[in-house]
Amino acid sequence: MPSRSALSPAAVVSALRAAGCVFAEDEAELLLATARDPAELASMVDRRAAGLPLEHVLGWAEFHGLRVAVTPGVFVPRRRTEFLVDRALAEAPDAAVVVDLCCGSGALGAALAAALDGAEVHAADIDPAAVRCARHNLAPYGGRAHQGDLYAALPTALRGRVDLLTANVPYVPTPDIPLLPAEARDHEPPAALDGGPDGLDVLRRVAGEAAAWLAPGGRLLSETSERQSPAALAAFTEAGLTARVAVSREWSAHVVIGVRPWQGDPHPGPPCPTRAARPVPGPVR
């Protein structure tokens, strides 16, 4: 590690490369742009070289065109999850009531709130650190974050009113946790990663209660893996939702989409017409 007086851009790149950072040049550029003084830069380089996720060092992550605050110990939003946001906006472009379960930093809720101008947005997580972070990220949009276990965290007045429900649940099978990169395994909360023996414990719980919270025609979207997608699809179907899987080969992302059918209709109708139709906005920058 170079001395604190020698942290030139080249020295930062060298320190990061020596620590095994694959994208040392890109990371150095971000650290140099974020640090307010040489002492802070040296501290940031030290923490990144010690293995902390870059987003925890910076204090923010880029997600769907937004700069989302991410504090240490909170799950870092993945870029592939932008596909879930894109699918959610395509499925329910006029959603008036939005809920994001297992919200982590609140990145999904913030991205949806930014795109669905005026929507009532709620987020929930069992981790108090995540809820504090989500409250900060949702505040500019008037969104609310609640602490608790899935639906138990939500105001009961939302039952049967939710047009769009997203849930980026933990879906890593317990036996696979030791195989995760050290950044995730050592610095993100286990509850945000561990999905139980087959990785689908939380997804099944979310799907099982979704119909009681969704409005007729309301959508539930949850991220999963290619290997798990058939079982995830079955869980949605068994919960009474009309379900399918959307796939992004570019991001290697799989999203299960479930629709609460209209009363007496086994086929989904359009999203609840709770607001006048309008184009879906692009990413906010």
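So, here's what we can say about the structure. Bear in mind that the values here come from a model prediction, so they are computed numbers and not experimental data.

The subject of this paragraph is the nonpolar core. By size, the foremost hydrophobic cluster in this structure holds 34 residues, and its most contacted members are F63, V85, V98, L112, L116, L164 and L221. Elements with a contribution of two residues or more to this core: strand 2 (66–69), helix 5 (82–91), helix 6 (107–115), strand 4 (120–125), helix 7 (128–138) and strand 9 (253–259). Residue contributions to this core peak at 8 residues, all from helix 6. Discounting residues that sit within four places of it in the chain, L221 has contacts with L84, R87, A88, E91, L164, L165, T166, A167, V255, V256 and I257. In terms of nonpolar packing, the next biggest core, distinct from the first, is built from 28 residues, L154, A167, A210 and L214 among them.

Right, let's talk about the pattern of salt bridges for a bit. This model, assessed by the stated rule, comprises 16 salt bridges. With a closest N to O distance of 3.3 Å, E223 and R80 form a salt bridge. With E223 in strand 7 (residues 214–224) and R80 in the loop between strand 2 and helix 5, this pair connects stretches of sequence that are 143 residues apart. Residue classification places E223 among the buried positions, given a relative accessible area of 2%. For the salt bridge of E91 with R219, the shortest nitrogen-to-oxygen distance reads 3.1 Å. Note that E91 is positioned in helix 5 and R219 in strand 7, a separation of 128 residues in sequence. A relative accessible area of 8% means that E91 is categorised as buried. Linked by salt bridges that have partners in common, R87, E91, R219 and R244 make up one network.

Okay, helix 3 (residues 38–49) next. Compared with the 16 Å implied by 1.5 Å per residue over 12 residues, the 16 Å span of helix 3 between its first and last C-alpha is a close match. Of all the positions in helix 3, only L41, A42, M44, V45 and R48 are classed as buried. End-on, the buried residues of helix 3 take up no more than an arc of 165 degrees, which puts them together on one face. On its buried side, helix 3 packs onto helix 1 (9–18), helix 2 (24–34), helix 4 (54–58) and helix 8 (182–187).

On to the pairing of strand 2, then. The pairing of strand 1 (residues 60–63) with strand 2 spans 4 bridges and is antiparallel. Considered in strand 2, the bridge of F63 is made with L66. Linking strand 1 to strand 2, which pair antiparallel, is a turn of 2 residues; within it H64 sits at a positive phi near 50 degrees.

Here the focus is helix 5. Burial within helix 5 is extensive, with 7 of its 10 residues counted as buried. Those residues of helix 5 that sit buried are E82, F83, L84, V85, A88, L89 and E91. Next to the buried residues of helix 5 lie strand 1, helix 6, strand 6 (162–167), strand 7, strand 8 (242–248) and strand 9.

Cut-off values and rules
Residues numbered from 1 in each chain as written. Predicted model: local features only at pLDDT ≥ 70, side-chain atom pairs only at ≥ 80, totals over all residues. Heavy atoms only, no water. Core = buried A, V, L, I, M, F, W, Y, C linked by side-chain atoms within 4.5 Å. Buried < 20%, exposed > 50% of the residue type's maximum accessible area, 1.4 Å probe, protein only. Helix = DSSP H or I, 4+ residues; strand = E, 2+ residues; numbered from the N terminus. Contact = heavy atoms within 4.5 Å. Salt bridge = Lys/Arg side-chain N within 4 Å of Asp/Glu carboxyl O. Expected span 1.5 Å × (residues − 1). Arc of directions from axis to C-beta. Pairing = 2+ DSSP bridges.

Keep in mind these numbers describe shape, not what the thing actually does.
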